[in-house]
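These are the residues of each chain, in order.
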Amino acid sequence: MERTLTLDDSSIGKKALVALTGLVLFGFVIAHMLGNLQVFAGPEALNAYARGLRKLPGILWPMRLVLLASLIVHITASLALVKSAAAARGVSYRQKQSSATSYAARTMKWSGPLLAAFILYHLAHLTWPGVPMGAYRHDPHDVYANVVNGFRVPWVVAVYLAAQGLLGLHLYHGAWSLFQTLGLHHPRYHRLRQVLPRAIALVVVAGNVAIPLAVLMGVIS
Ligand code: HEM
C-alpha cells in the first residue's frame, strides 16, 4: 500500500515537471517559428534578427541554458513516467484506460525520441557545426543563406516535413495531456479541449513547413 502511494505521489510530481517543461519548450517553438518566419521578409530581416540575438549574450545564454535544462528534465521525467507505468502494469491488475489516453501515450513514446533525434540533426545542420547537406558552404554569419541553401535539397526538406508532422502530433497530444494534468476534465472545458490542442499543432506545423516548402518551390531564393 505504502509503495503504491509513493509511486503515485512521484508520478504526479513527474507529470507536473513534464507539463511545466513542456510549456517552456512550447514557448520556444512558437518564438522560434515567429523569428524564422522573418525569412519571408528577406535576408536583411532574418540576418539582423539572428545578429540581434547574438549581440545579447546576457539574454541568449541564460535562455539557452533554461531551454537545455527544460529539454533534459522533460525527457528524463517522461522516461521515468513510461518506466513506472510499465512497472505498475507488471504488478497490478489490468486497468482499463480510455482509448484516447492510451493512444496519446503511445504516440508520445515514439514521437518524443524521434523529435530529440531531429533536434540534434537540425542543430548540426543550421547551428553547430553547420554541416552543409548539399553543394554549398555553411556560413555562420549568413543564416538566410544557410536556410535557403539548406532547403534547396529535396531530401532535407523531406526530413523537415516529416519532423514537423511528428512535432504536430507531439504538441497535439502534449496539449491534450496538459488539460488532464491540470485536472480540466469538466464538461465546461470539453470544447476548449477539443479545439485548442488541434489549433496549436496546426499553427506550429503550418508556420514551420511554410519555410522549407517556400524555398523548394522557389518562392524564397
Ligand atoms: C522548418 C522549421 C525550422 C527552421 C527553418 C529553423 C531554423 C533554424 C535556424 C536558421 C537556426 C540557427 C539560428 C542561428 O544560427 O542564429 C535554428 C536553431 C535552432 N532551432 Fe530551429 N528551425 C526550425 C524548426 C525547429 C524546431 C521544430 C525546433 C525544436 C523542436 C528547433 C530548434 C532549434 C534550436 C534548439 C536551435 C538553436 C537555438 C540557439 O542557437 O540558441 N527548430 N533553427
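The model shown is predicted, which means the values in this text are computed figures rather than measured ones.

Undergrad: Honestly, the overall build of the protein chain in this entry has me stumped. Any pointers?
TA: In terms of regular secondary structure, the protein chain is built from 7 helices and 0 strands. Traced from its N-terminal end to its C-terminal end, the protein chain shows the element sequence α-α-α-α-α-α-α. Here the protein chain holds 221 residues, and the buried ones make up 31% of them. A separation of at least 24 residues holds for 72% of the contacts in the protein chain among residues at least 6 apart in sequence. For the protein chain, the accessible surface area stands at approximately 13,800 Å², while carbon and sulfur atoms represent 70% of it.

Undergrad: Would you explain the site of the ligand in this entry?
TA: H32, N36, R54, R64 and H122 are the nearest of the 21 residues found near the ligand. R64 places a polar side-chain atom, nitrogen or oxygen, 2.6 Å from an oxygen atom of the ligand. In the model, a nitrogen atom of the ligand is placed 2.7 Å from a nitrogen or oxygen of the H122 side chain. Looking at the shell around the ligand, the elements that each hand over two or more residues are α1 (2-36), α2 (43-54), α4 (99-126), α5 (143-150), α6 (154-181) and α7 (190-216). For the shell around the ligand, the leading source of residues is α4, giving 5 residues. Classifying every residue of the shell around the ligand gives 13 nonpolar, 6 polar and 2 charged.

Undergrad: Hey, could you run me through the packing of aromatic side chains in this one?
TA: One pass over the full model with this rule turns up 3 aromatic pairs. Between F118 and Y160, the aromatic rings sit 5.2 Å apart at their centres with planes inclined by 90 degrees, giving edge-to-face as the arrangement. Pair noted here: F118 is in helix α4 and Y160 is in helix α6, with a separation of 42 residues, a long-range link. Y160 carries the same exposure label as F118, and that label is buried. Feature note: the residues F118, Y121, F151 and Y160 constitute an aromatic cluster, connected by ring pairs. For R64, the ring lying beneath its charged end belongs to W61, and the centroid distance is 4.6 Å.

Undergrad: Can you help me understand the coordination of the iron atom of the ligand in this one?
TA: Between any two of four tetrahedral donors, the ideal angle at the metal is 109.5 degrees; between two of six octahedral donors, it is 90 or 180 degrees. The protein atoms that coordinate the iron atom of the ligand are H32 (NE2) and H122 (NE2), at distances of 1.9 to 2.0 Å. One can describe the donor arrangement at the iron atom of the ligand as octahedral, given that its 6 donor atoms subtend angles of 87 to 179 degrees at the metal. With H32 in helix α1 and H122 in helix α4, the pair connects residues that are 90 residues apart, well separated along the chain.

Undergrad: Honestly, the environment of V66 in this entry has me stumped. Any pointers?
TA: By the element assignment, V66 lies in helix α3 (residues 57-91). Owing to a relative accessible area of 46%, V66 belongs among the partly exposed residues under this scheme. With 45 residues separating them in the primary sequence, V66 and T21 have C-alpha atoms 9.4 Å apart.

Undergrad: Explanation requested: α2 in the structure shown.
TA: An α-helical turn contains 3.6 residues, so a residue and the one three or four places further along point in the same direction. Taking 1.5 Å of rise per residue, the 12 residues of α2 would be expected to cover 16 Å, and the 16 Å separating its terminal C-alpha atoms lies within 8% of that figure. Taken together, the buried positions of α2 are L46, N47 and A50. Projection of α2 onto a plane perpendicular to its axis shows the buried side chains occupying an angular sector of 90 degrees, all on one side.

Here is what the cut-offs are and how they apply
Residues numbered from 1 in each chain as written. Predicted model: local features only at pLDDT ≥ 70, side-chain atom pairs only at ≥ 80, totals over all residues. Heavy atoms only, no water. Helix = DSSP H or I, 4+ residues; strand = E, 2+ residues; numbered from the N terminus. Buried < 20%, exposed > 50% of the residue type's maximum accessible area, 1.4 Å probe, protein only. Contact = heavy atoms within 4.5 Å. Areas by Shrake-Rupley, 256 points an atom, 1.4 Å probe, with all protein chains shown as cover. Near = heavy atom within 4 Å. Polar contact = N/O pair within 3.5 Å; in protein donor to acceptor, adjacent residues only side chain to side chain. Nonpolar A, V, L, I, M, F, W, Y, C, P; charged D, E, K, R; others polar. Phe/Tyr/Trp six-rings, centres within 6.5 Å; stacked < 30°, edge-to-face > 60°. Lys NZ or Arg CZ within 6 Å of the ring centre and 35° of its normal. Donors = N, O, S within 2.8 Å, 3.2 Å for Na, K, Ca; no water. Tetrahedral: all angles 85-135°; square planar, octahedral: opposite > 155°, others 65-115°. Expected span 1.5 Å × (residues − 1). Arc of directions from axis to C-beta.

Keep in mind these numbers describe shape, not what the thing actually does.
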